[in-house]
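# Overview (structure and organization)
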Amino acid sequence: MTTTIVYHTAYLGGIFYGKKVRSIAHIIQQILDWSVITALTSLFSAGGVGGLLWRQLTHNRRQDKALLALLHFRLYANAEDAIKRGYTTVADIEDLENLYAAYKSLGGNGTGEKLYKDSMSLPVRKEHKA
């Protein structure tokens, strides 16, 4: 078997690096080594990005649940106040419409819808200024 000596140059970061390579098999081995390193780096990077995305999605879900709970509380309180009074005001209607739209978009249940509809069916009166 004859050994071929090849002068292999690579351009890295603005500098030429020269290296004597003993055989074609050695060149192929280097290419395979770099391919494995590149594949593993890509895999770990993708896993890191996937982990960040998953963490952000679960964080958003927790925020949505917290926001839904707050909307639930306000919608129920405002609707019950109007129902106890027996009438609504223009301000009540605007508040209830905004609260209900946001509540429904986050997956609010049918109880909120019933309270919303009941309070919207009440007569509208002018606000009393105290």
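Reference entry: report on the structure contained in this document.

When you go through the protein residue by residue, the secondary structure sums to three helices and two strands. What you see in the protein, going N to C, is helices and strands ordered as β-β-α-α-α. Each of the 130 residues in the protein was classed as buried or not, and the buried ones make up 19%. Restricting the contact set of the protein to residue pairs at least 6 apart, pairs at least 24 apart contribute 55%. Split by element, the accessible area of the protein, about 10,100 Å² in all, is 63% carbon and sulfur.

Within the element layout of this structure, serine 119 appears in helix H3 (residues 110–120). What makes serine 119 buried here is its relative accessible area of 0%. Of note is the side chain of serine 119, whose polar atom sits 2.9 Å from the backbone oxygen of tyrosine 116. Apart from residues lying up to four places away in sequence, serine 119 is in contact with Ala79, Ala82, Ile83, Thr88 and Leu96.

Now for a nonpolar patch on the surface. A contiguous nonpolar surface patch, about 280 Å² in accessible area, is contributed by Ile24, Ile28 and Leu32. In this structure, isoleucine 24 sits in helix H1 (residues 24–85).

To continue, consider the packing of helix H2 (residues 90–105) against H3. Put simply, H2 and H3 touch, their axes get as near as 11 Å, and they point 160 degrees apart. For the element pair H2 / H3, the angle class is roughly antiparallel. Crossing handedness for the pair H2 and H3: left-handed. Facing Ile93, Leu96, Glu97, Tyr100, Tyr103 and Lys104 of H2, the residues of H3 in contact are Gly112, Glu113, Tyr116, Ser119 and Met120. Here the residues of the contact of H2 with H3 are counted per class, giving six nonpolar, two polar and three charged.

Rules of the game
Residues numbered from 1 in each chain as written. Predicted model: local features only at pLDDT ≥ 70, side-chain atom pairs only at ≥ 80, totals over all residues. Heavy atoms only, no water. Helix = DSSP H or I, 4+ residues; strand = E, 2+ residues; numbered from the N terminus. Buried < 20%, exposed > 50% of the residue type's maximum accessible area, 1.4 Å probe, protein only. Contact = heavy atoms within 4.5 Å. Areas by Shrake-Rupley, 256 points an atom, 1.4 Å probe, with all protein chains shown as cover. Polar contact = N/O pair within 3.5 Å; in protein donor to acceptor, adjacent residues only side chain to side chain. Patch = residues over 30% accessible without salt bridge, like charges linked within 9 Å, V, L, I, M, F, W, Y side chains within 5 Å. Salt bridge = Lys/Arg side-chain N within 4 Å of Asp/Glu carboxyl O. Axes fitted to C-alpha atoms, helices over the stretch in contact; angles between N-to-C directions. Parallel < 35°, antiparallel > 145°, perpendicular 65-115°, else oblique. Left-handed = near helix turned anticlockwise from the far one by under 90°. Nonpolar A, V, L, I, M, F, W, Y, C, P; charged D, E, K, R; others polar.

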